[in-house]
Protein chains: 2
Amino acid sequence: MTPHALHLSVLYGNRESGHSYKVKLALHLLGVEHEYREVDLDVPLAERPAEFRAASRFGEVPVFVDGDSALAQSNAILLHLAERTGGLGGELPTERLTEWLFWEANRIGFSVPNLRMARTYGAETASLDVVAWLESRALKDLERLDHELSAQPFLVDSSVTIADIACCAYLYWPEQAGLDLTRWPRVVDWLERISALPGWADPYELLRA
Amino acid sequence: MTPHALHLSVLYGNRESGHSYKVKLALHLLGVEHEYREVDLDVPLAERPAEFRAASRFGEVPVFVDGDSALAQSNAILLHLAERTGGLGGELPTERLTEWLFWEANRIGFSVPNLRMARTYGAETASLDVVAWLESRALKDLERLDHELSAQPFLVDSSVTIADIACCAYLYWPEQAGLDLTRWPRVVDWLERISALPGWADPYELLRA
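In this text, all values refer to a predicted model and were calculated from it rather than measured experimentally. (Residues numbered from 1 in each chain as written. Chains lettered and ligands numbered in written order. Predicted model: local features only at pLDDT ≥ 70, side-chain atom pairs only at ≥ 80, totals over all residues. Heavy atoms only, no water.)

Participant: I'd like a rundown of unusual backbone geometry, residues and numbers included.
Facilitator: Cis rather than trans, the peptide bond between Val61 of chain A and Pro62 of chain A has omega equal to -5°. Within the element layout of this structure, Pro62 of chain A appears in the loop between α2 (50–55) and β3 (63–66). At Leu88 of chain A, a residue that is not glycine, the phi angle is positive and equals roughly 50°. Positive phi, close to 75°, is recorded for Gln73 of chain B, a residue that is not glycine. Along the chain, Gln73 of chain B turns up in the loop between β4 (69–72) and α3 (74–85). Note on Gln73 of chain B: relative accessible area 15%, which makes it buried. (Helix = DSSP H or I, 4+ residues; strand = E, 2+ residues; numbered from the N terminus. Buried < 20%, exposed > 50% of the residue type's maximum accessible area, 1.4 Å probe, protein only.)

See the structure below:
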């Protein structure tokens, strides 16, 4: 299937959402044409545009509309894109990707975004105990990535897959989460390998409305 | 593919792990023959049985060994089982299942297990702020399930799928998480529908070594 067969694609996202960035980055790396629509998350859920509310199962970004079907959950969208295009690991057995995608959803895709949220947006209200708890989880998760990347350049295969895209997203904002990535040199090298790929750009550049 | 084509299946799990329970329950509902091996999580990672360490990518339970391949992450295993057997939603478009599976991994499969962990196993050491933060998330997640179940008997389809199995697992231990489920009557009804299925048994009954 060629990228063009993903016709009428629309991505709803928000520039502060690393989960939106995952999908936007995958679309750029795959060369899939799409329209990007920014959703203002400061507007209460019930007052967001009707077309977004109709498309969004959980009321959250990102949502990807591909023809008639609307899909929520960034990792579900990544899996859909890989399987439809055959790129970013789409030719591999699904299990090799889903292991990492579910790890991400429960581990580094939870700890780092919530740590960033607490430190950048909730700095005055977040409990110090909650911040410390999230940080201890984030450190373990970065340790795990650093360990995995000691033997191979990307998480699953010799080239980049959606597993890398899912796990890297929030790590392009390390300072917002209060993380000094130089403690995990293989993670730093891996982020540089990803950012050298044709089509890569940082979150705020890609997620411009 | 018949259940018997999943030959030589081994599930590594632990009786206190709701993530193990998800997989064990799916195997029973699908009628897939398997051997269950309990992993003692009190034994440090490096000292666990070599066969388990070799099979387990993340050092965690559950791990499902199906012939020569070992698969970690409970939801990745559920997806594998559904696709291989065609049961529990395996005949549906994958996207309808993955949306819920990734939601679970990041939401109710994070909040409720960690709340249970803090309240049951870390009662003397867990920060009250962390417990309150986890509880506020768990309440939102239960609200979401209750809302979704207002229109249909199961989350994705008119019959049970792996989305239900993933989301229900820890909810059979509500008291250990300090949750009174009677606040969400549709969730209670849904748990009763699942527990009425042939092959269902509660976590401690299924996860006997």
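Participant: Quick one: what's the story with the relation of the copies chain A and chain B, residue by residue and with numbers?
Facilitator: For the pair chain A and chain B, the superposition axis carries a translation of 0.0 Å, the fit reaches an RMSD of 0.0 Å, and the rotation angle comes to 180°. Accordingly, the operation relating the two chain copies is best matched by a two-fold axis. Both copies share a contact surface, since 100% of the interface residues of chain A are interface residues in chain B too. (Least-squares fit on C-alpha atoms with pLDDT ≥ 70 in both. Contact = heavy atoms within 4.5 Å.)

Participant: Please set out the packing of aromatic side chains residue by residue, giving values where relevant.
Facilitator: Inspection of every chain in the model, using the stated rule, returns 21 aromatic pairs over all chains. Ring centres of Tyr21 of chain B and Tyr172 of chain B lie 6.3 Å apart, and the angle between their planes is 90°; this geometry places the pair in the edge-to-face category. One end of the pair, Tyr21 of chain B, is in helix α1 (residues 18–30); the other, Tyr172 of chain B, is in the loop between α7 (162–168) and α8 (185–195), with 151 residues separating them in the sequence. On the accessibility criterion, Tyr172 of chain B (17% relative accessible area) is buried. What links up through ring pairs into an aromatic cluster is the set Phe110 and Trp133 of chain A together with Phe110 and Trp133 of chain B. (Phe/Tyr/Trp six-rings, centres within 6.5 Å; stacked < 30°, edge-to-face > 60°.)

Participant: Provide a residue-level description of the pairing of strand β1 (residues 10–13) of chain B, including the pertinent values.
Facilitator: Residues and elements named next belong to chain B. Burial of the side chains of β1 extends over both faces: Val10 and Tyr12 are buried on one face and Leu11 and Gly13 on the other. Relative to strand β2 (residues 35–38), β1 is paired through four bridges, and the arrangement is parallel. Across the sheet, Leu11 pairs through a bridge with Tyr36, a residue of β2. What joins β1 to β2 is α1, and the crossover it makes is right-handed. As paired strands, β1 and strand β3 (residues 63–66) are joined by three bridges and run antiparallel to one another. Of the residues in β3, the one forming a bridge with Tyr12 is Val63. (Pairing = 2+ DSSP bridges. Right-handed = clockwise from strand over helix to strand, strands pointing away.)

Participant: Break down the sheet that holds β4 of chain B for me, citing the residues and quoting the values.
Facilitator: Residues and elements named next belong to chain B. Ordered in space as β2-β1-β3-β4, the four strands form an open sheet in which the pairing is mixed. Where the open sheet ends on each side, the last strands, each with one partner, are β2 and β4. Across the sheet, the mean angle from the axis of one strand to that of its neighbour is 20°, orientation sign disregarded. The strands touched by α1 are β1, β2 and β3; relative to β1, the strand with the most contacts, the crossing angle is about 150°. (Axes fitted to C-alpha atoms, helices over the stretch in contact; angles between N-to-C directions.)

Participant: How would you explain the confidence of the model for chain A if you had to name every residue and give the values?
Facilitator: Reading predicted coordinates in detail is not appropriate for stretches of low pLDDT. Of all residues in chain A, 96% have pLDDT values of 70 or greater, and the mean over the chain is 94. Overall fold confidence for the complex sits at a pTM of 0.95, while the interface term, ipTM, reaches 0.95. (pLDDT = per-residue confidence, 0-100.)

Participant: So, the interface of chain A and chain B: which residues are in play, and what are the values?
Facilitator: Every contact between the two is made by 31 residues of chain A and, on the other side, 31 residues of chain B. Linking chain A with chain B are four salt bridges, by the criterion used here. Here Glu148 of chain B makes a salt bridge to Arg57 of chain A, at a shortest N to O gap of 3.3 Å. Our enumeration of links across chain A and chain B arrives at 20 residue pairs in polar contact (both at pLDDT 80 or more). Those elements that provide at least two residues to the side of chain A that touches chain B are β4 (69–72), α3 (74–85), α4 (94–106), α5 (108–121) and α6 (128–148) of chain A. With nine residues, α4 of chain A is the largest single contributor of residues to the side of chain A that touches chain B. Grouping the amino acids of the side of chain A that touches chain B by side-chain chemistry returns 15 nonpolar, eight polar and eight charged. (Salt bridge = Lys/Arg side-chain N within 4 Å of Asp/Glu carboxyl O. Polar contact = N/O pair within 3.5 Å; in protein donor to acceptor, adjacent residues only side chain to side chain. Nonpolar A, V, L, I, M, F, W, Y, C, P; charged D, E, K, R; others polar.)

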